[in-house]
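Reading the structure
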Amino acid sequence: MQERVTHEELMRYLDGEVGPEERGRIERSVEGSTELRRELAVYRAMKDDLQTLKLADGVHHGSIWDSVNRQLTRPIGWVLLVVGALVWAAYGIFIFLTSPVFLLEKLATSAIVIGVLLLFASVIWERYREWLSDPYRDIQR
Amino acid sequence: MGPEVERELIRKCKAGNSRFYEPLVRAYEQPGLRLALGMLGNLEDAKDALQNAFVKTYDALARFDLKRPFGPWFFQILRNQCRDQLRSRKARFRLEALDERLELRPADPESGPERRRERAQAREVIWAALEQIGEEHREILILKELQGFRYGEIATILEIPEGTVASRLYHARRALKDALLEMGAEYP
């Protein structure tokens, strides 16, 4: 009596993923079944045609390494920049707060600086929200 | 590049030496580009995906188990990157763009012009059918037939049990067969 061959077994046989014992069993079943033979022939022909397709090797001239390397090293630059700016800002604030100027001058200057920073932050936030809802943001100009 | 060399390079990258990442990038960029191109269908998106996948892979190297092979792990990250890109940009596989990037494998010297023309026509029909089937079917067929991965490697890349690969391939091939029949192709 012929053993039934499942679709998965047929795929493994087609792709050369079976051991010698299983191969023999499947081959015997294929020999004895017209339907299985036809099915296998269809998938084999499709496989052959698929394998004639090949993505061109020379599609991408030059290595992608430079771009990757830039992306790998850029965060280090940003971290150093931000740390340096923060240290200078903290030092500036310390000097400003401990300087012998009147409290009123300190408050007025602080108000200007905080105001500028808030305006700057709100503009950036607005632009970011506009960018998020821009339906054409993925269109390359 | 042998697995020992790869492991040594990764060990050095893990220690923070990004210049040792260069040979790995150079070794995997061509097969990676083929996979990304097969999944996304156009060169610009494929290059973006490849670049992002290399950066993500480098960032994740700390978690990489040196006992595992690097290739399937990288292709798994690349495949996820391609899928994310397809979803976030609502892009779709574009056949025209991909077809320009294709070439036929060297023709059999014994085959005549008629046979070569038939093969070229079959190729066009197959790509059109690949465009019609779902992303999941297409990616497993590309991994198997265009990239030539074994079942174990496909299982790692797709993050599925090895036993599921045959079943997924069966469904993908059946979907491709149906698409081809709908287009009037005759098999075998």
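Residues numbered from 1 in each chain as written. Chains lettered and ligands numbered in written order. Predicted model: local features only at pLDDT ≥ 70, side-chain atom pairs only at ≥ 80, totals over all residues.

**Examining the overall build of chain B**
Summing up its helical and strand segments, chain B has nine helices and one strand in all. For chain B, the proportion of its 188 residues judged to be buried stands at 35%. A separation threshold of at least 6 residues defines the contact pool for chain B, and within that pool the share at least 24 residues apart is 68%. (Helix = DSSP H or I, 4+ residues; strand = E, 2+ residues; numbered from the N terminus. Buried ≥ 20, exposed ≤ 12 C-beta atoms within 10 Å, placed from the backbone. Contact = placed C-beta atoms within 7 Å.)

**Focus on the overall build of chain A**
For chain A, the helix and strand inventory stands at five helices and one strand. When its helices and strands are written in sequence order, chain A yields α-α-α-β-α-α. Evaluated residue by residue, chain A yields a buried proportion of 10% over its 141 residues.

**A few points about the confidence of the model for chain B**
Residue and element names in this part refer to chain B. Residues of chain B with pLDDT of at least 70 account for 85%, and the chain-wide mean is 83. When pLDDT is averaged over each helix and strand of chain B, the minimum, 45, is found for strand S1 (residues 102–104) and the maximum, 94, for helix H9 (residues 162–182). Here residues 96–107 is a poorly scored stretch, pLDDT under 50, and it has 23 contacts once near neighbours within four places are set aside; other chains count. With pTM at 0.69, the complex prediction returns an ipTM value of 0.74. (pLDDT = per-residue confidence, 0-100.)

**So, the nonpolar core**
All names here are of chain B. Grouped together as the largest cluster of nonpolar side chains are 54 residues, with contacts concentrated most on Ala36, Ala49, Leu50, Leu78, Ile154 and Leu176. Here the element with the most residues in this core is helix H2 (residues 22–40); it accounts for nine residues. When near neighbours in sequence (up to four residues on either side) are disregarded, isoleucine 154 contacts Ile140, Leu143, Lys144, Phe149 and Val165. (Core = buried A, V, L, I, M, F, W, Y, C linked by C-beta atoms within 7 Å.)

**Some details on the packing of H2(B) against helix H3 (residues 43–60) of chain B**
Residue and element names in this part refer to chain B. Where H2 meets H3, the closest approach of the two axes is 8 Å, and the angle between their N-to-C directions is 135°. Here H2 is positioned oblique relative to H3, judged by the angle of their axes. Seen from above, H2 lies across H3 with right-handed handedness. Where H2 abuts H3, its residues Val25, Glu29, Gly32, Leu33, Ala36, Leu37 and Leu40 lie against Leu43, Asp45, Ala46, Ala49, Leu50, Ala53 and Phe54. For the contact of H2 with H3, the residue count by class is eleven nonpolar, one polar and two charged. (Axes fitted to C-alpha atoms, helices over the stretch in contact; angles between N-to-C directions. Parallel < 35°, antiparallel > 145°, perpendicular 65-115°, else oblique. Left-handed = near helix turned anticlockwise from the far one by under 90°. Nonpolar A, V, L, I, M, F, W, Y, C, P; charged D, E, K, R; others polar.)

**Thoughts on H9(B)**
Residue and element names in this part refer to chain B. Compared with the 30 Å implied by 1.5 Å per residue over 21 residues, the 31 Å span of H9 between its first and last C-alpha is a close match. Within H9, the full set of buried residues consists of Val165, Ala166, Arg168, Leu169, Ala172, Arg173, Leu176 and Leu180. In an axial view of H9, the angular spread of the buried residues amounts to 165°, which keeps them on one side of the axis. The exposed set on the far side of H9, more than 90 degrees from its buried face, consists of Gly163 and Glu182. Note on H9: the residue one or two positions beyond its end, glycine 184, has a positive phi of about 90°. (Expected span 1.5 Å × (residues − 1). Arc of directions from axis to C-beta.)

**Considering the packing of helix H1 (residues 7–14) of chain A against H9(B)**
It is at 8 Å that the axes of H1(A) and H9(B) come closest, and there the two elements cross at 90°. Taken together, H1(A) and H9(B) sit at an angle that is classed as roughly perpendicular. On H9(B), the residues touching His7(A), Glu8(A), Met11(A) and Arg12(A) of H1(A) are Ala166(B), Ser167(B), Leu169(B) and Tyr170(B).

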